[in-house]
Amino acid sequence: MTSPTDQPRSTKIAWMCAIITAALGATILFSAEPGINWPIWVAAASGSLILARYSAVGRVEAPLLILCTWATILSFGFALTRTDPFPFLIILSDAMLLGLAVITLGAERWADLSARLLPAVPFLAPFRVFGASAQEVAVAPRSVSSPRSRALIRGGLITVPLVIVLIALLASADPIISWGTDRITSWLPDWSFPSRVVFFLFLFALTLGANALGIRQLALRLPRYPTVPGRVSIGMTEQRMVLWSAAVILWLFVALQISYLVHPPPAALGTGVTFAEFARRGFGELSFAVTIVGAIIIILEFARPADLTAHDRATLRRLDFALLIALELILVMAFRRVLLYEEAYGFTDARVFAQAYMIAMALALAALAWEIWRGSISVSFGRRVAELALGAFTVLVFWNSQAWILNKNIDRARETGKFDAHYATVGMSRDAIPTLVNRRAEIPLPQRDTVEADLACDRLPGPRRWFEWNRSVSAADKALRSWNRPPCPEARDFERRTVGYGN
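Residues numbered from 1 in each chain as written. Predicted model: local features only at pLDDT ≥ 70, side-chain atom pairs only at ≥ 80, totals over all residues. Heavy atoms only, no water.

## So, the overall build of the protein
Secondary structure assignment for the protein yields 19 helices and zero strands. In the protein, which comprises 503 residues, the share counted as buried stands at 42%. Sequence-distant contacts in the protein: of pairs separated by 6 or more residues, those separated by 24 or more amount to 79%. Of the roughly 26300 Å² of accessible surface on the protein, 67% is carried by carbon and sulfur atoms. (Helix = DSSP H or I, 4+ residues; strand = E, 2+ residues; numbered from the N terminus. Buried < 20%, exposed > 50% of the residue type's maximum accessible area, 1.4 Å probe, protein only. Contact = heavy atoms within 4.5 Å. Areas by Shrake-Rupley, 256 points an atom, 1.4 Å probe, with all protein chains shown as cover.)

## So, the environment of Ala-432
Within the fold, Ala-432 resides in the loop between helix H15 (421-425) and helix H16 (433-438). Sequence separation of Ala-432 and Ile-405 is 27 residues, and the distance between their C-alpha atoms is 8.5 Å.

## Examining the packing of helix H2 (residues 37-57) against helix H4 (residues 86-103)
The N-to-C vectors of H2 and H4 enclose an angle of 5°; their axes lie 12 Å apart at closest approach. When the axis of H2 is compared with that of H4, the two are roughly parallel. Along the contact surface, H2 presents Trp-38, Val-42, Ser-46 and Leu-49, while H4 presents Ile-90, Ile-91, Asp-94, Leu-98 and Val-102. When the residues that make up the contact of H2 with H4 are grouped by side-chain class, the tally is seven nonpolar, one polar and one charged. (Axes fitted to C-alpha atoms, helices over the stretch in contact; angles between N-to-C directions. Parallel < 35°, antiparallel > 145°, perpendicular 65-115°, else oblique. Nonpolar A, V, L, I, M, F, W, Y, C, P; charged D, E, K, R; others polar.)

## Remarks on the nonpolar core
Among the nonpolar cores identified, the biggest contains 50 residues, and Trp-38, Trp-41, Leu-100 and Phe-393 are the most heavily contacted of them. Broken down by secondary-structure element, the contributors of at least two residues to this core are helix H1 (7-28), H2, helix H3 (62-75), H4, helix H5 (121-139), helix H8 (195-216) and helix H13 (380-398). Counting 33 residues, the second largest nonpolar core, distinct from the first, contains Ile-297, Leu-327, Val-338 and Leu-365. (Core = buried A, V, L, I, M, F, W, Y, C linked by side-chain atoms within 4.5 Å.)

## Focus on the packing of H3 against H13
The description of two helices packed together rests on the angle between their axes and the distance between the axes. Interhelical geometry of H3 versus H13 gives an angle of 30° and a closest axis separation of 10 Å. When the axes of H3 and H13 are compared, the pair comes out roughly parallel. Contacts between H3 and H13 involve Trp-70, Ile-73 and Leu-74 on the former and, on the latter, Glu-387, Leu-390, Gly-391, Phe-393, Thr-394, Val-397 and Phe-398. Here the contact of H3 with H13 is built from residues that sort into seven nonpolar, two polar and one charged.

## Comments concerning the packing of aromatic side chains
This model, assessed by the stated rule, comprises 13 aromatic pairs. Residues Phe-130 and Phe-202 carry aromatic rings whose centres are separated by 6.2 Å and whose planes lie at 35° to one another, so their mutual orientation is tilted. Of this pair, Phe-130 sits in helix H5 while Phe-202 sits in helix H8, and the two are 72 residues apart along the sequence. The exposure class of Phe-130 is partly exposed, given its relative accessible area of 34%. Taken together through their ring pairs, the aromatic side chains of Trp-15, Phe-200 and Phe-204 make up a single cluster. (Phe/Tyr/Trp six-rings, centres within 6.5 Å; stacked < 30°, edge-to-face > 60°.)

## Quick look at the pattern of salt bridges
On inspection of all chains with the given rule, the structure shows 16 salt bridges. The shortest N-O distance in the salt bridge between Glu-387 and Arg-383 comes to 3.6 Å. One end of the pair is Glu-387 and the other is Arg-383, both in helix H13 and four residues apart, which spans about a single turn. Across the pair Asp-477 and Arg-481 runs a salt bridge, and its minimum N-O distance is 2.7 Å. Here Arg-481 and Asp-477 lie together in helix H18 (residues 471-481), a separation of four residues that amounts to about one turn. (Salt bridge = Lys/Arg side-chain N within 4 Å of Asp/Glu carboxyl O.)

## Quick word on the environment of Ala-171
With respect to the helices and strands, the residue Ala-171 is situated in the loop between helix H6 (147-170) and helix H7 (175-187). Using a relative accessible area of 11% as the deciding quantity, one classes Ala-171 as buried. Placed 11 residues apart in sequence, Ala-171 and Asp-182 show a C-alpha to C-alpha distance of 9.5 Å.

## Quick notes on a nonpolar patch on the surface
A contiguous nonpolar patch, built from Leu-162, Val-165, Leu-166, Leu-169, Leu-170 and Ile-177 and spanning about 510 Å² of accessible area, is present on the exposed surface. Ranked by residue count, the leading element in the nonpolar patch is H6, at five residues. Topologically, Ile-177 is positioned in helix H7. (Patch = residues over 30% accessible without salt bridge, like charges linked within 9 Å, V, L, I, M, F, W, Y side chains within 5 Å.)

Right under this line is the structure:
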């Protein structure tokens, strides 16, 4: 518990950290190219919250430290890749992790967190943060002795942001106001007025509110969900019918797939289904079917009647395991279909991401089997699945999948002579350009000519400030400047400007 004499010190630290973090963000994030600036600001915001928390309670709880550290580590992917949709998903994941850190302040153990908190983060975290920020601003003038000074400070804190926002909105509608803001902009060239100031105030409210919660919220305040009147229950007969029917269908499918190892698959039996359709339709539908059946097992487990006998529970548990084993085998078969499809038609982002999804789903099903083996599904299961999903996403962010895909496709082209030049130049981001430049001589003709013509028309990035550094952009720029590019054909340059190119 914080003593009264310690409170002013922690409050000053919270304010100072919020001002520094907001000023840093307004300097390196506003109107800047995406790069190292995002991880710098996330690290500053995380450190600000941790420091405020430590100044108030003298320690930092493990959940807060883990969430802030994970958000900071993940944010560095923003400076490493330009592959869509990774930048957007990184920002979204960081916002969720930091929001979860805010609403779980006071949690002592990682086990105190559950997946049930995730839906509340986008709504509860902003409400608590901005509410705490407003409260902190309202009580700040109390440290001033004079009542009139307190009133002036309180009025200024309310009035100044309002004036700045109104000027920002009205400047575009009135030439006199616009002229005045332009003059102020010329005086402050590094801080465009008033847009950057508004951005600073937004970041300040965000960080001050989080820091204020860090020093004020000493006990855990988890969201309270409305209780459902009456527990939904699905009887033994209905559960057996659902589980038996799903098990029969899935194991019949497994048996058919095993038979294809001896007999030719339908694609070779004149059914009208091509090999491409057999493989492509396979891994998408199979992954979706596994997800549905896994969700059904979880729903039936939660809706299991409380008055079942031990024999009935053992019967349902055996059916659950029969389904889970079938689902794992189906995932292996779906993974094999992707491999066959890649072997025949090459590697793409969608196919590699599908494989990553199958691996994560297989691990999630293994975690579900462990929960069922223990007797019931605990709240820890949802947290484990969320950890698996976030872990898989973190690996994909830091792994340059584009370069790996291109290397595999070029290796395949050396053996088969087949190479999709359009996908290599238009379908891939700048993450793949260094590999494409370095290995372009290994691409068979005429695809090599297409690739080199597209690379010749690729515009070099303009100069970037230090906080806009991005590994993908820097490596692509260095690779494009490392060889004597031919002139860009006018027709291809027009096509690129009309249709668009890369990321």
